[in-house]
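Commentary on secondary and tertiary structure
Listed below are the residues making up each chain.
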Amino acid sequence: MADMGNFWEDLRKQARQLENEIDLKLVSFSKLGTNYSAHNEFGSVPGDGTQSQSESAPLINKTSSEHMFETMAMEIEQLVSKLQEINDRMADYTQNISMSSPSAALLHTLQRHRDILQDYTHEFQKTKANITAIREREDLMGSVQRDISAYKNSSGLNRRSELYLKEHDHIRNSERMIDEQISVAMMTKDNMGSQKKMLSSISQRMNTVANRFPLINSLMQKVNLRKRRDTIIIASVIATCTIVLLLYAFH
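Now for a look at the structure at hand.

What follows concerns the overall build of the chain. Of regular secondary structure, the chain possesses 6 helices and 0 strands. Going from N to C terminus, the chain has its helices and strands arranged as α-α-α-α-α-α. Put simply, 83% of the contacts in the chain that link residues at least 6 apart link residues at least 24 apart. Roughly 16,600 Å² of accessible area belongs to the chain as shown, and the carbon and sulfur atoms make up 57% of that amount.

Counted as a void, the second largest pocket has a volume near 840 Å³. Considering the residues around the second largest pocket, the lining is formed by 30 residues, among which Lys-126, Ala-129, Asn-130, Val-237 and Cys-241 are closest to the centre. Of the residues in the lining of the second largest pocket, the class split is 15 nonpolar, 11 polar and 4 charged.

On to the nonpolar core, then. Judged by nonpolar contacts, the single largest core of 27 residues is most densely connected at Ile-22, Phe-29 and Met-90. Those elements giving two or more residues to this core turn out to be helix H1 (2-42), helix H3 (59-98) and helix H4 (104-153). By residue number, the principal contributor to this core is H3, which donates 12 residues. Residues within four places of Met-90 in sequence aside, it is in contact with Trp-8, Leu-11, Arg-12, Ala-15, Leu-110 and His-113.

Thresholds, definitions, all that
Residues numbered from 1 in each chain as written. Predicted model: local features only at pLDDT ≥ 70, side-chain atom pairs only at ≥ 80, totals over all residues. Heavy atoms only, no water. Helix = DSSP H or I, 4+ residues; strand = E, 2+ residues; numbered from the N terminus. Contact = heavy atoms within 4.5 Å. Areas by Shrake-Rupley, 256 points an atom, 1.4 Å probe, with all protein chains shown as cover. 1 Å grid on protein atoms, 1.4 Å probe; cavity = no way out; pocket = protein on both sides within 12 Å on 5 of 7 lines; lining within 4 Å. Points joined across faces, edges and corners; volume = space filled by probe spheres on them. Nonpolar A, V, L, I, M, F, W, Y, C, P; charged D, E, K, R; others polar. Core = buried A, V, L, I, M, F, W, Y, C linked by side-chain atoms within 4.5 Å. Buried < 20%, exposed > 50% of the residue type's maximum accessible area, 1.4 Å probe, protein only.

Set out below in structure tokens:
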């Protein structure tokens, strides 16, 4: 039993270490998203006759930012994957140990780590989606500005034909952006469904334990309330993002 206890504590130590690393990475990742947003909002002033910041800045700066975004996203995904693996090993441990001596404390600890993982995963996906949307919007706006310049420098039938073709490309790009956001929403929905099944399985086990230990009922009620709250919040965020994207695309 001492060895099993040491194994559990080692898993908890690894989980806490990964959680701290993910938290620091998410803070930096969120700052990167804030910088993208500030650059997009204050990078240029329409109609002032000057180049935007994104146009005057060296190309290597943009490439460096994109590389930083990709690198940080990949690092966070790897850390989240490792934390998921540790949580799965902790779940296997609780299942094995519960066959002989069920422990409500172990189940509570496991659920706490799962909630932390879920919060980090949602925060990462939200920040990544925001940064991606900003980058795509900047690319689209840059393309529109180039089209306007080309339109002013052209004339006659060729100018109209090019404008129609490029407008068609803009519409296709907007549809692609909407499809990508819908795909992200569907992936999030599927992820929530799988987590719901997993949490339902844990809830059934906790109900079994609660029948033996009535004091756990209050803890289970708090967990259920938090699950409902998170579901409502995530659904509201997804619906709002989808509506905003649709309004923006067809404005």
